[in-house]
2 protein chains.
Amino acid sequence: MRGKLYGVGVGPGDKELVTVKALRILREADVIMAPKMKSGETTAYNIVEEYIREKTVIECVMPMSKDFEALSRNYEALADQIEKHLKDGKSAAFITLGDPTVYSTYMQLNEIIRKRGYETEIIPGITSFCAAAARLNMPLCERNEPLLILPASYEQSKESLHFPGTKVLMKANRGILSTRDMLIEEGLIDHAVMVECCGMENEKIYRDMRELKEKSSYFSLVIVKE
Amino acid sequence: MRGKLYGVGVGPGDKELVTVKALRILREADVIMAPKMKSGETTAYNIVEEYIREKTVIECVMPMSKDFEALSRNYEALADQIEKHLKDGKSAAFITLGDPTVYSTYMQLNEIIRKRGYETEIIPGITSFCAAAARLNMPLCERNEPLLILPASYEQSKESLHFPGTKVLMKANRGILSTRDMLIEEGLIDHAVMVECCGMENEKIYRDMRELKEKSSYFSLVIVKE
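Residues numbered from 1 in each chain as written. Chains lettered and ligands numbered in written order. Predicted model: local features only at pLDDT ≥ 70, side-chain atom pairs only at ≥ 80, totals over all residues. Heavy atoms only, no water.

### Quick word on helix α4 (residues 106-115) of chain B
Residue and element names in this part refer to chain B. Just so we agree on the cut-off: Exposed residues in this analysis have more than 50% of their type's maximum accessible area, buried residues have under 20%, and partly exposed residues fall in between, with area computed by a 1.4 Å probe over protein chains only. Working definition: helices are DSSP H or I runs of at least four residues, strands are E runs of at least two. Numbering for both runs from the N terminus. Two residues qualify as a contact provided that any one of their heavy atoms is within 4.5 Å of a heavy atom in the partner residue.
Here α4 has its buried residues at Y106, M107, L109, N110, I112 and I113. Looking at the buried positions of α4, the neighbouring elements they touch are β1 (4-9), α3 (68-87), β4 (92-96) and β5 (119-123). Taken from the residues just after α4, G117 is the one with a positive phi, measuring 95 degrees.

Right, here's the structure in full:
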C-alpha cells in the first residue's frame, strides 16, 4: 500500500477557523509537513500547533525564486522528501494557510506527487477574503454582483479595479503603498478597506487607507466595493 | 444585556467541512435559526443536524420574490422573529450554506438587526467554489492569475468569460443549459467542469458539459479555466 498526500487548508489565522475534516486528517496522518518561509515564519503551523502536539512535524523550507528552473528543482527536492514517507505506505498531510486552491504554492507539490503516481486529496480551508469580510461585518457579493479576486501585483490591476462588483486585492504586502496610491488615483480610496493579519493577534484594520504610513505584512488584503 | 445575532457559515454540504468556531457558536447559542426554502429544503440545517440535536431550532422560510417591496417586508418580519429572542437577552445563530458573505441572503437580516441596535457577528464558512476545486484536485488560481466569481445569471457573463484567469459560474441551476450553450458558443466548453451538490450524497461531476441533458440542482457551479 502506497501512502497518500493530503493538502490541508488551515484557514487564515484564527485557530478556531479550522474545519473538523482538517483536524481529523491531521490527527490521522503519519507525518505532518509544515511550510517554513525563508524568514523563519511558520504561520500555517502556528494555527494548528495545539492540535498536533504529539505528531511528527517536518518543516519544509518553501522555495522562493524568480528563476523558474531553480524553483522547479526545489519543488522536486521537496517532493522527494515527501515521497520517502509515501513509499513506506505512510500518509502525509501538508498544511497550508487559507485554502490550498487559492494562491497556494502547495498545488505545485500536489501536481508533482500526483504525477509520480500517488493519490492526493485537498481539504479546503477558509479563505482570507471571506474571513476579512466577516470581520468587517459586510457582504463580499450579493444578488447578481461579480466578485473579482486579484493578486495586488497583477499587471492589469488598474483597469480591473473598474470591473463591476467587489474587488479583493490579495498579497498586498510590500507593494501596499503603491496599491494605496493607485486607489487614490482611480478615485476608489473611499471604497477600500484594508485588513492586515485577519484573525491573528496582530490584526489591524484600516477603514481609511490614507492613514497607512508604511509597507505591510504579507498577510494583508484590500476589499474595494463598487 | 441584549442578545447577539451570529451568522454562521456551515460550508458547502460535507458535514466535516464545518469549522471549530461554527460548532462552538452553535453549541453556545440559545436559539438556532435555520433557513427553509419554499420547496421545503433545509440544506444548511441538514449539514449541522447531528451537532445540534439538543438545541431549539426555529425554521425560517426565506422570502423569494422579484418584488423588492414584498421582499423587504418579509425580511423585516423575519427580523422581528429574531429580535424577540435578542430582546430577552438570548443569543441567536442563523445558519447559512457556504460562507455568509458570498451570495447569502442572510446578510440582509444581519443589516436589519444591526440597524436595530443589536450586535452581530459573522462566522466564515468554506465556499462551494473552494470545495469544488478541492474535489477536482485542481488550483482555482495560482501566481498572478485573477479569479472571477460570477452568478450564472449575471448579465455580462458572456464578455466576462473572456476575462483573464479562472472564472466560476455560481448558482447555475435552472439556467444551466443556456450556460452550457454559451460556453460552447464562446469556445470554452473544453475548459469547463461542472460540479453539482459538491460534498453531498448526490454529488455529480461533469468533466464534459456536453453530456448534460437536463436542468440542474440549485447547488451547482461551473469552473472555467483560461
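### Thoughts on the sheet that holds strand β9 (residues 204-206) of chain B
Note the cut-off: The pairing criterion for strands is at least two bridges between them, as found by DSSP. Whenever a helix is involved, its axis is fitted only over the stretch in contact; in every case the axis is a line through C-alpha atoms, and angles between N-to-C directions fall within 0 to 180 degrees.
Read from one edge to the other, the open sheet built from ten strands follows the order β9(A)-β8(A)-β10(A)-β7(A)-β6(A)-β6(B)-β7(B)-β10(B)-β8(B)-β9(B), with strand pairing classed as mixed. Of all the strands in the sheet, just β9 (204-206) of chain A together with β9 of chain B have a single pairing partner and so form its edges. Each strand of the sheet is rotated relative to its neighbour by a mean of 15 degrees, with strand direction disregarded. The pairing of strand β6 (residues 147-151) of chain A with strand β6 (residues 147-151) of chain B spans three bridges and is antiparallel. Considered in β6(B), the bridge of A:I149 is made with B:L147. With respect to the sheet, helix α7 (residues 176-185) of chain A is in contact with β7 (166-170), β8 (192-196) and β10 (220-224) of chain A, its orientation differing from that of β10(A) by roughly 10 degrees.

### Concerning the relation of the copies chain A and chain B
Just so we agree on the cut-off: Only residues with pLDDT of at least 70 in both copies contribute their C-alpha atoms to the least-squares superposition of the copies.
For these two chains of identical sequence, chain A goes onto chain B by a turn of 180 degrees and a shift of 0.0 Å along the axis, with RMSD 0.0 Å. Look at the turn and shift together and you get a two-fold axis relating the two. If distances are taken from each C-alpha of chain A to the rotation axis, the shortest is found for A:T19, at 2.0 Å. Here 100% of the interface residues in chain A have copies in chain B that are interface residues too; the copies meet face to matching face.

### Digging into helix α5 (residues 128-135) of chain B
Here α5(B) lies mainly inside the structure; six of its eight residues are buried. Regarding α5(B), the residues found buried are B:F129, B:C130, B:A131, B:A132, B:A133 and B:A134. Buried residues in α5(B) make contact with β5 (119-123) and α5 (128-135) of chain A together with β6, β7 (166-170), β8 (192-196) and β10 (220-224) of chain B. Once α5(B) finishes, B:N137 follows within two positions and takes phi at roughly 60 degrees, a positive value.

### Focus: the nonpolar core
One broad rule of soluble globular proteins: the nonpolar side chains tend to lie buried together. Formally: Definition of nonpolar core: a set of buried residues of the types Ala, Val, Leu, Ile, Met, Phe, Trp, Tyr and Cys, connected through side-chain atoms within 4.5 Å.
In this structure, A:F129, A:L140, B:F129 and B:L140 are the most contacted members of the largest nonpolar core, which totals 44 residues. Residue contacts for B:L140: discarding those within four places in its chain leaves A:T101, A:V102, B:F129, B:C130, B:A133, B:E145, B:L147, B:T166, B:V168, B:I223 and B:K225. Formed by 40 residues, the second largest nonpolar core is a distinct cluster that contains A:L169, A:A192, A:V224 and B:L188.

### What to know about the pattern of salt bridges
Worth spelling out the cut-off: Think of a salt bridge as a Lys or Arg side-chain nitrogen and an Asp or Glu carboxyl oxygen that are within 4 Å of each other.
Applying the stated criterion to the full structure yields 34 salt bridges over all chains. Two residues, A:R116 and A:D80, come together in a salt bridge whose shortest N-O distance is 2.9 Å. Residue A:R116 is found in the loop between α4 (106-115) and β5, and its partner A:D80 is found in helix α3 (residues 68-87); the two are separated by 36 residues along the sequence. Accessibility expressed as a relative area gives 39% for A:D80, which makes it partly exposed. In this structure, B:R210 and B:D190 form a salt bridge, with 2.5 Å as the shortest nitrogen-oxygen distance. Pair noted here: B:R210 is in the loop between β9 and β10 and B:D190 is in the loop between α7 (176-185) and β8, with a separation of 20 residues, a long-range link. The exposure class assigned to B:D190 is exposed, which follows from its relative accessible area of 62%. In this structure, a network of salt bridges that share partners links the residues A:E76, A:D80, A:E83 and A:R116.

### Observations concerning the state of the cysteines
So the rule is basically this: Two cysteine sulfur atoms make up a disulfide if the distance between them is within 2.5 Å.
On inspection of all chains with the given rule, the structure shows zero disulfides over all chains. Counting only cysteine sulfurs, A:C130 is the nearest neighbor of A:C141, a cysteine outside any disulfide, at a range of 8.3 Å.

### Quick look at the environment of A:A134
Relative to the helices and strands, A:A134 resides in helix α5. Among all residues touching A:A134, those that are not within four sequence positions of it are B:T101, B:I122 and B:P124.

### What about the packing of α3(A) against α4(A)?
All names here are of chain A. Going by this rule: Geometric relationships in this document are graded by angle, where less than 35 degrees denotes roughly parallel, more than 145 denotes roughly antiparallel, 65 to 115 denotes roughly perpendicular, and other angles denote oblique. Each crossing is labelled by how the near helix is turned from the far one, with a counterclockwise turn of less than a right angle marking it left-handed and a clockwise turn marking it right-handed. As a working rule, the residues Ala, Val, Leu, Ile, Met, Phe, Trp, Tyr, Cys and Pro are called nonpolar, Asp, Glu, Lys and Arg charged, and the rest polar, with Gly in that last group.
It is at 10 Å that the axes of α3 and α4 come closest, and there the two elements cross at 60 degrees. On the basis of their axis angle, the class for α3 and α4 is oblique. At the point where α3 passes α4, the crossing takes the right-handed sense. On α4, the residues that touch Y75, E76, L78, A79, I82, E83 and L86 of α3 are Q108, L109, I112 and I113. When the residues that make up the contact of α3 with α4 are grouped by side-chain class, the tally is eight nonpolar, one polar and two charged.

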